[in-house]
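The chain contents come next:
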Amino acid sequence: MQSDKGKNACVQSLVVKAEVEVFFSFCSCSDTLFADKVITDGELLVSKAKTFALGFFSPGKSTSRYVGIWYNNLAEQTVVWVANRDSPINDTSGVLSINPDGNLVLHHNYSTFPIWSTNVSASQSNSTNVIAQLSDIGNLVLILNNTKKVIWQSFDHPTDTLLPYLKMGFDRRTNQSWFLQSWKTDDDPGIGSFTLKFSSGGKPQMFMYNKNLPWWRGGHWNGELFVGVPNMKRDMATFNVSFVEDDDYVAVSYNMFDKSIIPRIVVQQSGFFQIFTWDNQKGQWNRYWSEPTNQCDNYGSCGSNSNCDPLNFEDFKCTCLPGFEPKFPRDWYENRDGSGGCVRKKGASVCGNGEGFVRVEGLKVPDISVAIVKSGLNLEECEKECLRNCSCTAYSVADVRNGGSGCLAWHGNLMDTQKLSDQGQDLFVRVDAVELANYYRKSKGVLAKKRMVAVLVASLLAIVILLSYKMMQKLNKDSPREENDVQSNTHPNLPFFNFKTIMAATRNFSHENKLGQGGFGSVYKGCLVNGQEIAVKRLSKDSGQGTEEFKNEVTLLVKLQHRNLVRLLGCCFEKEERMLVYEYLPNKSLDFFIFGIPSSIYSFYPQSEINLHLNYKYEYPSNMLHETAT
């Protein structure tokens, strides 16, 4: 399937688009185009690890042909870069080659003038010394073959997709910028309405523009993240983000900590900035993240000097910042239209009349296009600096790392401020003396209420703890003393079993181990860890027997030990539990051999009542029992 035109490209006749895609999946191609070779429609360059492919394609339902780069081994063809995005070819006669000047050029019908070119300066290269190579990160590069110097690369000219290791930003020294521009439609990869890039005026900010008007603002880098990119702090555990900034150069790029994840960041023609990851099991892209997502994400939705809170469902999403009031009250209050923004309250004086600053917490701070950055200042110094200049409307910390450093001072209207659920910063807004006094009075009131609530909560907690303690004392009243008292008033050699031992022996008093039940409680068969079988009489809580009665019963049974009586092995006395532990005698044992009583009448005699019954059979007079018990 190799073409006679070159050993470095694969050829397949283009009958229908589906046939080309099938061919792409099975073709084994070179990653390099040499000066004496060409790529025609149907031929491919494939990166060394077969991650990416370059060739001709038709997007969506279109029949126009474009040169692009896409993922080579994914079930869904996903184009990440387009060369001639605004210059489509209407047939399959396109040819990609290296011209005599060392530029990569695209011709149509072998025309003299190319419809697309890398446009590298001729003084840097010549055709015999240049090769084009597709790398495994999706970067098409022109290289001087003898020095391996890169003279042009597709990563310097991205389209709508930000791949790992591809940077976005600008370099003032070379007058170069890297930005993303959406497609027009799914069928047309031409330059669309939406552009994602960094602003070059003042401190750089990430913006998405809709036909040169701000659409969404990702904000500036605050030392840890972009202030307007939600959940970025969480996502930093997945995405390894690199940001470099100096006076002349700004660049952001990323890669994945987990190299098995295939990501792409795309500016959509619908106005969304989205992150996708590939799902191998489903064979599709899953959307990981998207902006804008709520009514406050669109730039300046509440106008100037306002704060937009997307979670303020009950009231209006827009509120004026401290010291400001709606510019158009009727639109603001009646129509819920905050686009007019807010203005300084009438009669307010914020210059040399006791003014100060009010803190507003957890914000995407305003657009810093009208802000001045001053490094080396702490927050207190920033406040003094802003207070000295009457045009300074607000300030905030520039770098949040290590407790904060540097100063952002706004001069002019505060635009696109938004309440964030996480990773927000504090903004200190200039207000007059009256507003400042009201703020402190409210703050003191809030603090007083908080203190009162704290005192009430602490008092209630103390009462609950005290009542609980008293209740526990009552429930466990003298439990250790009573237990010791029982032990001291019974036979010194009578073992005391703990409750856990009894539970283990009876399998947590399971129904299968239950031998019988009476008014006193239930009897369970058990087996100790040494293999000895036991019968446990568990006194019912409703039996009415108290501590003294239990002590008397234990004392009586200890004193009534006899070789013809069921032997008492010990007892258990923990909290509300009172149990007697006997040796276990199976059917046809004591009752059968002494009295010949059928087992159907007495299946087991481990109870104190039966002990007394046996005592009666042995003609123990009742007064003797009373005397023995005393």
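Use the structure listed above.
Residues numbered from 1 in each chain as written. Predicted model: local features only at pLDDT ≥ 70, side-chain atom pairs only at ≥ 80, totals over all residues. Heavy atoms only, no water.

A. Broad picture of the pattern of salt bridges. Inspection of the entire model under this criterion finds 18 salt bridges. Ionic pairing is found between Asp416 and Arg217, a salt bridge with its closest N-O pair at 2.8 Å. Remark: Arg217 occurs in strand S19 (residues 213-219) and Asp416 occurs in the loop between strand S32 (405-411) and strand S33 (417-419); sequence separation between them is 199 residues. The exposure classification of Asp416 matches that of Arg217, with both residues buried. Here the residues in one salt-bridge network are Arg217, Lys364 and Asp416, joined through shared partners. (Salt bridge = Lys/Arg side-chain N within 4 Å of Asp/Glu carboxyl O. Helix = DSSP H or I, 4+ residues; strand = E, 2+ residues; numbered from the N terminus. Buried < 20%, exposed > 50% of the residue type's maximum accessible area, 1.4 Å probe, protein only.)

B. Just the side chain of Asp367, in detail. Inspection of the secondary structure assignment puts Asp367 in the loop between strand S29 (356-364) and strand S30 (371-374). With no salt bridge to any partner, buried Asp367 finds its closest opposite charge in Arg217, at an N-O distance of 4.9 Å. A polar contact of 2.6 Å, which involves the side chain of Asp367, links it to the side chain of Gln205. If sequence neighbours within four positions are ignored, Asp367 has contacts with Gln205, Phe207, Arg217, Tyr299, Trp410 and Met415. (Lys, Arg positive; Asp, Glu negative; His and termini not counted. Polar contact = N/O pair within 3.5 Å; in protein donor to acceptor, adjacent residues only side chain to side chain. Contact = heavy atoms within 4.5 Å.)

C. Fine view of the sheet that holds strand S17 (residues 188-198). Across the sheet, which stays open at both edges, the four strands sit in the order S16-S17-S18-S19 with antiparallel pairing between neighbours. The strands lining the two open edges of the sheet, one partner per strand, are strand S16 (180-185) and S19. In this sheet, adjacent strand axes meet at a mean angle of 30° when their direction is disregarded. Pairing analysis gives four bridges linking S16 to S17, with the strands arranged antiparallel. The residue of S17 that forms the bridge with Thr185 is Asp188. (Pairing = 2+ DSSP bridges. Axes fitted to C-alpha atoms, helices over the stretch in contact; angles between N-to-C directions.)

D. Structural detail: the packing of aromatic side chains. Inspection of every chain in the model, using the stated rule, returns 27 aromatic pairs. Between Phe194 and Trp215, the ring centres sit 5.4 Å apart and the planes meet at 65°, which makes this aromatic pair edge-to-face. Residue Phe194 is located in strand S17, and its partner Trp215 is located in strand S19; the two are separated by 21 residues in the primary sequence. A residue is classified by how much of its surface remains accessible, and Phe194, at 7% relative accessible area, is buried. Pairing Phe226 with Phe243 gives two aromatic rings, centres 5.5 Å apart and planes at 90°, and the pair type is edge-to-face. Taken as a pair, Phe226 in the loop between S19 and helix H2 (232-235) and Phe243 in strand S20 (residues 239-245) lie far apart in primary sequence, 17 residues in all. Look at Phe226 and you get buried, because its relative accessible area is 2%. (Phe/Tyr/Trp six-rings, centres within 6.5 Å; stacked < 30°, edge-to-face > 60°.)

E. Spotlight on the sheet that holds strand S15 (residues 176-178). Spatial strand order, S15-S14-S21-S20: four strands in an open sheet with antiparallel pairing. Every interior strand has two partners, whereas the edge strands, S15 and S20, have only one. Shown here is a sheet whose adjacent strand axes are inclined to one another by a mean of 15°, direction ignored. Summarising the sheet, strand S14 (residues 168-171) and S15 pair through three bridges and their orientation is antiparallel. Residue pairing for S15: Phe170 is matched across the bridge by Ser177.

F. Broad picture of the state of the cysteines. By the definition in use, this model includes six disulfides. Here Cys351 is linked by a disulfide to Cys390, with a sulfur-sulfur distance of 1.8 Å. Handedness of the Cys351-Cys390 disulfide follows from its S-S torsion of about 65°: it is right-handed. Linking Cys351 in the loop between strand S28 (342-344) and S29 with Cys390 in the loop between helix H4 (379-388) and strand S31 (392-399), this pair joins segments that are 39 residues apart in sequence. Residue Cys351 is classed as partly exposed on the basis of its relative accessible area, which comes to 40%. By relative accessible area, which is 35% here, Cys390 ends up partly exposed. (Disulfide = S-S within 2.5 Å.)

G. Representation of the side chain of Asn222. Among the secondary structure elements, Asn222 is positioned in the loop between S19 and H2. A distance of 3.0 Å separates the side chain of Asn222 from the side chain of Gln425, its partner in a polar contact. Aside from chain neighbours lying at most four places away, what touches Asn222 is Val227, Ala398, Asp399, Val400, Arg401 and Gln425.

H. Representation of the pairing of strand S5 (residues 66-71). Extensive coverage of S5 is indicated by the burial of six of its six residues. For strand S4 (residues 52-57) and S5, the ladder comprises six bridges, and the chain directions are antiparallel. Residue pairing across strands places Leu54 opposite Ile69, the latter belonging to S5. Pairing analysis gives three bridges linking S5 to strand S6 (residues 79-82), with the strands arranged antiparallel. Opposite Ile69, over in S6, you have Trp81 as the bridge partner.

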